[in-house]
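Working through the structure, step by step
Residue-level listing of the chains:
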Amino acid sequence: MRVAPPNSLISAQFTQNIADLRNSIARTAQEATTGRYADLTAQLSGRVGSAMLSQRAVEDISFQREQLAQRETRLDLTQRSLAAIYDRTLGIDVEMRAALGTGNTVTQGLVARDAEAALANVFTSLNVRFGERYLFAGDATATQPFPSSDDLLADLRQLADASPTPADFAASLDTYFNTPGGGWQQNIYRGSDSASDPDAVTGADPALVELISGLAVMALADPANSPALLAQNPSIAGQAAERLTVGLTALTSVRADRGVAQEQLTIRKQALDIEETIFTSSFNALTARDQYEAASALKQLESSLEASYLLTSRLASLSLLNYLR
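Residues numbered from 1 in each chain as written. Predicted model: local features only at pLDDT ≥ 70, side-chain atom pairs only at ≥ 80, totals over all residues. Heavy atoms only, no water.

Section: the overall build of the protein chain
Formally: In DSSP terms, a helix is any run of H or I states spanning at least four residues, a strand is any run of E spanning at least two, and both are numbered starting from the N terminus. Think of it in three bands: with a 1.4 Å probe and only protein chains considered, a residue is buried below 20% of the maximum accessible area for its type, exposed above 50%, and partly exposed in between. Where accessible areas are quoted, they stem from the Shrake-Rupley method and a 1.4 Å probe; at the residue level, only the protein chains shown are allowed to cover.
In terms of regular secondary structure, the protein chain is built from 13 helices and 2 strands. Residues counted as buried form 37% of the 325 residues belonging to the protein chain. Carbon together with sulfur atoms contributes 53% to the accessible area of the protein chain, which is approximately 17900 Å² in total.

Written out as structure tokens, the structure is:
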């Protein structure tokens, strides 16, 4: 039977000790860096479940905050677009009524051209995107909701040319904009009437339709090139100005509703901050490792490892000849 020399057994023991020390150093170095115990199961024993629940709650809050941030950005872009539409069109209705009241055709032409430019700006604002999503396209988020405003003006000009009386033109406008399958939905608005996002405003929103219809008819009221029906019946432009006024008022309500949603988002974010503070404090109380204490323990372990390496080296060179010397 072969018996291992004593120095071999001692060397093997030192080798194991060195391996253990190196593992302890790696673990303690991690704890000194992160400020948390590396092995939570061993540290917390029966309390590990409570720690994991707190950690999961913090992670859920982080996810909710990301979702709220995306919703907040969408709402902000929507509000900015609606504000741009409101600011650009505000006052055009008043100017048109004033021009019609004085019979000043030059001013009427200027207001009509301003309405045409404003209409183009409205379409541009309603084609805004958040990432790859068109915000005013309803559920058809991949589809640009509006073409050139010239397409709408061409349609309305044809309606005016085909209408013998102002009453006929008014009826044609109502059918065009408000009837399912009418010209507005067939030729102009390419998005969806429905929106899964409760914060969304679609291009089919009555406030926007009213505003756009008023602008578009006023844009045709330039005496220099208006359809004969509008040239002979200035009251049509006056009625369009009234529709724009109604649309601006309704748009204010739409913006106010989104403002309420933004306020609710702010309140929800504040509530999440409070929840995160509570759960983070609970998690830290269970899992936090004092970094200064860990750094001190790390130095002691490193000193022990150096001593073990030195003893192992000396043991390796131990022999009877060296002892006799």
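Once the structure has been displayed, the description carries forward.
A word on the packing of aromatic side chains
Selection criterion: Stacked, tilted and edge-to-face are the three classes applied to pairs of Phe, Tyr and Trp rings, where Trp contributes its six-membered ring and a pair requires centres within 6.5 Å; stacked means planes under 30 degrees apart, edge-to-face means over 60, and tilted covers the rest.
Using the criterion set out here, one finds 5 aromatic pairs in the structure. With a centroid separation of 5.7 Å and 50° between ring planes, the pair formed by phenylalanine 146 and tryptophan 184 is classed as tilted. Here phenylalanine 146 is found in the loop between β2 (133-134) and α6 (149-162), whereas its partner tryptophan 184 is found in helix α8 (residues 183-188), with 38 residues between them in sequence. Taken individually, phenylalanine 146 and tryptophan 184 each receive the classification buried, so the pair is uniform in this respect. With a centroid separation of 5.5 Å and an interplanar angle of 40°, the aromatic rings of phenylalanine 146 and tyrosine 189 are classed as tilted. Of the two residues, phenylalanine 146 is situated in the loop between β2 and α6 and tyrosine 189 in the loop between α8 and α9 (206-219); the sequence distance between them amounts to 43 residues. Residue phenylalanine 146 shares its accessibility class with tyrosine 189, and that shared class is buried.

Describing the environment of alanine 83
For alanine 83, the position within the fold is in helix α3 (residues 48-89). Through-space distance from the C-alpha of alanine 83 to that of leucine 251 is 9.1 Å; in sequence the pair is 168 residues apart.

Remarks on the pattern of salt bridges
Let me state the cut-off plainly: Throughout this description, the term salt bridge denotes a Lys or Arg side-chain nitrogen within 4 Å of a carboxyl oxygen of Asp or Glu.
Applying the stated criterion across every chain, the model contains 9 salt bridges. In this structure, the salt-bridge partner of arginine 97 is glutamate 242, at a minimum N-O distance of 3.3 Å. Of the two residues, arginine 97 is situated in helix α4 (residues 92-102) and glutamate 242 in helix α11 (residues 235-287); the sequence distance between them amounts to 145 residues. With relative accessibility at 30%, the residue arginine 97 sits in the partly exposed group. According to the relative accessible area criterion, glutamate 242 is partly exposed, its value standing at 41%.

So, the nonpolar core
Here is the rule: Remark: nonpolar core denotes a set of buried residues (Ala, Val, Leu, Ile, Met, Phe, Trp, Tyr, Cys) joined through side-chain atoms within 4.5 Å. Whether two residues are in contact is decided by their heavy atoms, any of which lying within 4.5 Å being enough.
Residues Leu152, Leu156, Trp184 and Leu215 are the most contacted members of the largest nonpolar core, which totals 50 residues. The biggest single contributor to this core is α9, with 10 residues. Not counting chain neighbours up to four residues away, the residues in contact with leucine 152 comprise Leu119, Phe123, Tyr176, Phe177, Trp184, Ile188, Ile212 and Ala216. Grouped together as the second largest cluster of nonpolar side chains are 6 residues, Ile61, Leu68, Leu75 and Leu272 included.

Description of the environment of glycine 91
Note that glycine 91 resides in the loop between α3 and α4. Under the relative-accessibility criterion, glycine 91 is labelled partly exposed at 22%. For the pair formed by glycine 91 and threonine 245, sequence separation is 154 residues and the distance between their alpha carbons is 8.8 Å.

Quick word on the confidence of the model for the protein chain
The predicted coordinates of low-pLDDT regions are not to be read in fine detail. Which entries qualify depends on this criterion: The predictor rates its confidence in each residue with pLDDT, a number between 0 and 100.
Per-chain confidence: the protein chain averages 82 in pLDDT, with 70% of residues scoring 70 or above. The element-level mean pLDDT for the protein chain is lowest in helix α13 (residues 320-324), coming to 50, with α9 highest at 97.

Here we look at the side chain of serine 81
Mapped onto the elements of the fold, serine 81 is located in helix α3. Here serine 81 falls in the buried class, since its relative accessible area comes to 7%. Not counting residues up to four positions away in its chain, the partners in contact with serine 81 are Ser125, Val128 and Phe136.

Details of the packing of α4 against helix α5 (residues 105-126)
For any two helices packed against each other, one specifies the inter-axial angle together with the distance between the axes. Worth spelling out the cut-off: The axes used here are C-alpha line fits, helices contributing only the stretch in contact, and every angle between their N-to-C directions lies in the interval 0 to 180 degrees. For this classification, under 35 degrees means roughly parallel, over 145 means roughly antiparallel, 65 to 115 means roughly perpendicular, and everything else is oblique. Less than a right angle of anticlockwise turn of the near helix away from the far helix marks a crossing as left-handed, whereas a clockwise turn marks it as right-handed. Amino acids outside the nonpolar list (Ala, Val, Leu, Ile, Met, Phe, Trp, Tyr, Cys, Pro) and the charged list (Asp, Glu, Lys, Arg) are all regarded as polar, and Gly is one of them.
Packing of α4 against α5 leaves a shortest axis separation of 9 Å and a crossing angle of 160°. Here α5 runs roughly antiparallel to α4, going by the angle between their axes. The hand of the α4/α5 crossing is left-handed. Every residue of α5 that contacts α4 at Ile92, Glu95, Met96, Ala99 and Leu100 is listed here: Thr107, Gln108, Val111, Ala112, Asp114, Ala115 and Ala118. Residue classes in the contact of α4 with α5 are distributed as 8 nonpolar, 2 polar and 2 charged.

Quick word on the side chain of arginine 243
Test applied: Within this scheme the basic residues Lys and Arg register as positive and the acidic residues Asp and Glu register as negative, but His and the chain ends are omitted.
The topology assignment puts arginine 243 in helix α11. For arginine 243, which is buried and forms no salt bridge, the nearest opposite charge comes from glutamate 210, at a distance of 5.1 Å. Not counting residues up to four positions away in its chain, the partners in contact with arginine 243 are Leu173, Glu210, Ser213, Gly214 and Val217.

Points about the packing of helix α7 (residues 166-178) against α9
Where α7 contacts α9, the axes come no closer than 11 Å and their chain directions differ by 135°. Judged by the inter-axis angle, α7 sits oblique to α9. The handedness of the crossing between α7 and α9 comes out as right-handed. Where α7 approaches α9, its residues Phe169, Leu173, Phe177 and Asn178 are matched on the opposing element by Val209, Ser213 and Val217.

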